[in-house]
Amino acid sequence: MDKSKLEAAWPVDEPSPDFAQRAVLRVSRNRARRRQRTTAAGLVAVAMVAAALVVVFWPQLLSSGSGSTIASARETITLSRRATAVLEPGASVSWRGDSVDQPRGEVFYRVDGEKSFKVVTPAGTVEVVGTCFRVQVGSGPAAGGRDVKREVLSASGGAVLAALAIVTVYEGKVQLSSAKERVTLGAGESGRLGPDGAKKLGPDELARAQSGLKGDADPDKVDLSRANDSLAGDIAGLNRRLKSLEAEKAKLQRELLGAETELARRTDGKPPRDRNEFDLDQEDWAELAESGTIKYRVPCMKADGWSPPADKLDALGLSPDDAESIRAAYQKSYERLWPGIEALCMQAIGKKDVVQALGPDTCTHVVTDAERRKDAKGATEAMRQLAELRAGTRAAVDPAVAEHPVYKLFSALTSEMPRFESDLAQSFGPAEAKRLAYAEGMCGARSTFGGPGPRGK
Amino acid sequence: MMALPMAAPHPEPELDPGVLERCRAGDPLAFRAFVVRFERPVFSLLSRVLGRGPHIDDLAQETFIKAHRALPGFEPRGTAKLSTWLYTIATRVAIDAVRRRRVSERLFVQSLDAGEHPGAGASSSESPERDAELRRVRRAIAGALGELPVDQRAAFVLYELHGMSLPEIGDALKIPAATAKTRVFRARQKLQDALAAYREVT
């Protein structure tokens, strides 16, 4: 058996006339859905990442409310919203809000903000406001050979000591207070608080005081000046990190806000469309004009008109008497559209019997396809200018476009629904006419002819 | 086993290169032209592999949607013809539909059994004798090819009616070309035997 005989004996299904158009529509819809899904997924991902990062970083900025630690090595901790402490090995602190208990060891504090911040030591309480300082708590030989008694220090930028305390200020001001006197230290200054009261220390006195200080926390205390240098580096690093985290937080919050706004806009934020998707206003046309797309719905074109069968009339909420008004409106629509489409189809095909056999819907596609084959650029321009005209962004189409068959065809098709509505309105009133014109039970054809995309692309 | 040529001759371009290029770039007008160009052969292929019915429209749509997604990756200057590439997609859609039980294999026999499927018995023959002969041949095809698994029937259809070479069929069905050759041969043999039996009866 040869191929032709086999083909003849083996029947196949034929594609329906609108198969290609449906395929194009499905592809467009899928692509739009994919794009929307991708965008939404992207936005959700950005929102989730932003939220996660805020969750991760926020505690570092805000700190936990309370806690305690004993440093086995140099350790940096965030004590509250505005205080950071660097603990030397052996130092111990516990904190709750803006109050820190430092029973022993050497701790550097960085405090931001205007509010009071307290460090409680065995010797008393230090109140600080916005500064950087170091507190070394230990014991030393008391003046006059007696042990150091507990003192309470009050600092406007802060420090504390117990039996003997050496305070070094890096930024701002610190006030050392004893029962006997008060001393204010500025940035770069050091002071000593002991049984003989509070006093400023010069460089030589500082070195002597530090060498005489017995650190409770670190028996193997090493060169302090080297440690100070290292600590200064840590401070600078901490400051940079804080600033960077703050900037990062602000950026993430902006992104989160933007993502949430966009999500709201794409979902519930947008008011639902209250018209049929083919009932187009200027805004719809403006959107279509961007891609040069033409979209329309037209009543079924039948020479004798069309009226809904009894069950559809009932479903539409109409009485049998309404059938004739509807039929007449369909007939008028046919009489308006078909002669123009027929003439254009004749130009494209040249045989009247073929044109008659094809009918309005197929002729529409035939004319469009023929013109696109003949002059794709002209057909595209005709579609785009018509969409712009409907959008109100163009006062009139170019004279050459006005004569283009594609323009004539789509101009007639896209202007038909208002006329059809107007005919229906004579019997049903404008609101009911609008409802009926786009109702599901009515006979109509919907088409979308995709454009080439934005101008210049 | 009778000799089967391993490669079919390459004809001229099946779609205007400019249209194909625009199609690959995602132009919907060009894609429409692509669908119009190939919708009939895709319908034929699916109908003959699966049997006629409303499922063919659905599966043809699926074929073109998959083709649209894959078109940017199609290499026009490559060795594969556009039609071969598309038929490969359609064949896989058909086989997948059977494997996922979206389409029953029995449809194939039913749709070829003249008079039982709406429209299947309709023919434009000039005489009752010709109608009778067509019905007999259809029964022969249904009897012979209906017993074959869908992928074997696909191999036969692609080779005999869509001009695909055995290596191309092998690629489409993910089997060696030699296996494709065996499947085509067996299907052809079955059909010839069935038709011979009918000739003997009549």
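Cut-offs applied
Residues numbered from 1 in each chain as written. Chains lettered and ligands numbered in written order. Predicted model: local features only at pLDDT ≥ 70, side-chain atom pairs only at ≥ 80, totals over all residues. Heavy atoms only, no water. Helix = DSSP H or I, 4+ residues; strand = E, 2+ residues; numbered from the N terminus. pLDDT = per-residue confidence, 0-100. Contact = heavy atoms within 4.5 Å. Disulfide = S-S within 2.5 Å. Buried < 20%, exposed > 50% of the residue type's maximum accessible area, 1.4 Å probe, protein only. Expected span 1.5 Å × (residues − 1). Buried area = accessible area lost by both parts, 1.4 Å probe. Salt bridge = Lys/Arg side-chain N within 4 Å of Asp/Glu carboxyl O. Polar contact = N/O pair within 3.5 Å; in protein donor to acceptor, adjacent residues only side chain to side chain. Nonpolar A, V, L, I, M, F, W, Y, C, P; charged D, E, K, R; others polar. Axes fitted to C-alpha atoms, helices over the stretch in contact; angles between N-to-C directions. Left-handed = near helix turned anticlockwise from the far one by under 90°.

### A word on unusual backbone geometry
- If you check the backbone angles, Lys 174 of chain B has positive phi at about 60° while not being a glycine.
- If you trace the backbone, Lys 174 of chain B turns up in the loop between helix H8 (166–173) and helix H9 (177–201).

### Notes on the confidence of the model for chain A
Residue and element names in this part refer to chain A.
- This prediction gives chain A a mean pLDDT of 76; 76% of its residues lie at or above 70.
- Looking across chain A, the model is least confident in strand E14 (residues 214–215), with a mean pLDDT of 55, and most confident in helix H11 (residues 405–414), with 93.
- Long-range and interchain partners of residues 60–64, a stretch whose pLDDT sits below 50, account for 20 contacts in this model, where long-range means more than four residues apart.
- Across residues 216–223 the pLDDT falls below 50, and counting only partners more than four positions away or on other chains, this stretch makes eleven contacts in the model.

### Section: the state of the cysteines
Residues and elements named next belong to chain A.
- Evaluation of the coordinates by the stated rule reveals two disulfides over all chains.
- Here Cys 300 connects covalently by a disulfide to Cys 443, the sulfurs 1.6 Å from one another. Here Cys 300 and Cys 443 share a disulfide; its torsion about the S-S bond, -80°, makes the bridge left-handed. One end of the pair, Cys 300, is in the loop between strand E15 (294–299) and helix H6 (310–315); the other, Cys 443, is in the loop between helix H13 (430–437) and strand E16 (444–449), with 143 residues separating them in the sequence.
- The class of Cys 300 is buried, set by a relative accessible area of 13%.
- With relative accessibility at 18%, the residue Cys 443 sits in the buried group.
- Shown here is the disulfide that connects Cys 345 with Cys 363, its sulfur atoms set 2.1 Å apart. The sign of the S-S torsion, about -80°, decides the handedness of the disulfide formed by Cys 345 and Cys 363: left-handed.

### Description of helix H7 (residues 150–161) of chain B
Residues and elements named next belong to chain B.
- Taking 1.5 Å per residue, twelve residues should reach 16 Å; H7 reaches 16 Å between its end C-alpha atoms and fits that length.
- In terms of burial, H7 is a largely internal element, eleven of the twelve residues being buried.
- Along H7, the residues that are buried comprise Val 150, Asp 151, Gln 152, Arg 153, Ala 154, Ala 155, Phe 156, Val 157, Leu 158, Tyr 159 and Leu 161.
- In the stretch just after H7, Gly 163 is the one whose phi turns positive, near 65°.

### Regarding the interface of chain A and chain B
- With 29 residues of chain A at the interface, the matching set in chain B holds 38 residues.
- Sorting the residues of chain A by area buried against chain B places Trp 10, Asp 13 and Phe 19 of chain A first, and these three jointly supply 23% of that buried surface.
- One can count four salt bridges joining chain A with chain B.
- Its salt-bridge partner being Asp 13 of chain A, residue Arg 52 of chain B comes within 3.1 Å of it at the nearest N-O pair.
- Counting every contact that joins chain A to chain B gives eleven residue pairs in polar contact (both at pLDDT 80 or more).
- Mapped by element, the contributors of at least two residues to the side of chain A that touches chain B are helix H1 (3–9), helix H2 (19–62) and helix H8 (352–374) of chain A.
- Per-class residue counts for the side of chain A that touches chain B are 13 nonpolar, six polar and ten charged.

### Description of the packing of H7 of chain B against H8 of chain B
Residue and element names in this part refer to chain B.
- Running from amino to carboxyl end, H7 crosses H8 at an angle of 145°, the nearest separation of the two axes being 10 Å. Seen along the crossing, H7 lies across H8 with a hand that is right-handed. Across the interface between the two elements, Asp 151, Ala 154, Ala 155, Leu 158 and Tyr 159 of H7 pack against Leu 166, Ile 169 and Leu 173 of H8.

### As for the side chain of His 365 of chain A
- By the secondary structure assignment, His 365 of chain A is in helix H8.
- What makes His 365 of chain A buried here is its relative accessible area of 15%.
- His 365 of chain A has contacts with Gln 21, Ser 447 and Phe 449 of chain A together with Arg 32 of chain B, leaving out every residue within four places of it along the chain.

### Thoughts on the pattern of salt bridges
All names here are of chain A.
- Per the stated rule, a full pass over the model turns up 26 salt bridges over all chains.
- Measuring nitrogen to oxygen at the nearest pair gives 3.1 Å for the salt bridge that ties Asp 279 to Lys 434. Placement of Asp 279 in the loop between helix H4 (224–266) and helix H5 (282–291) and of Lys 434 in helix H13 is noted, with a sequence separation of 155 residues between them.
- Since its relative accessible area comes to 10%, Asp 279 is described here as buried.

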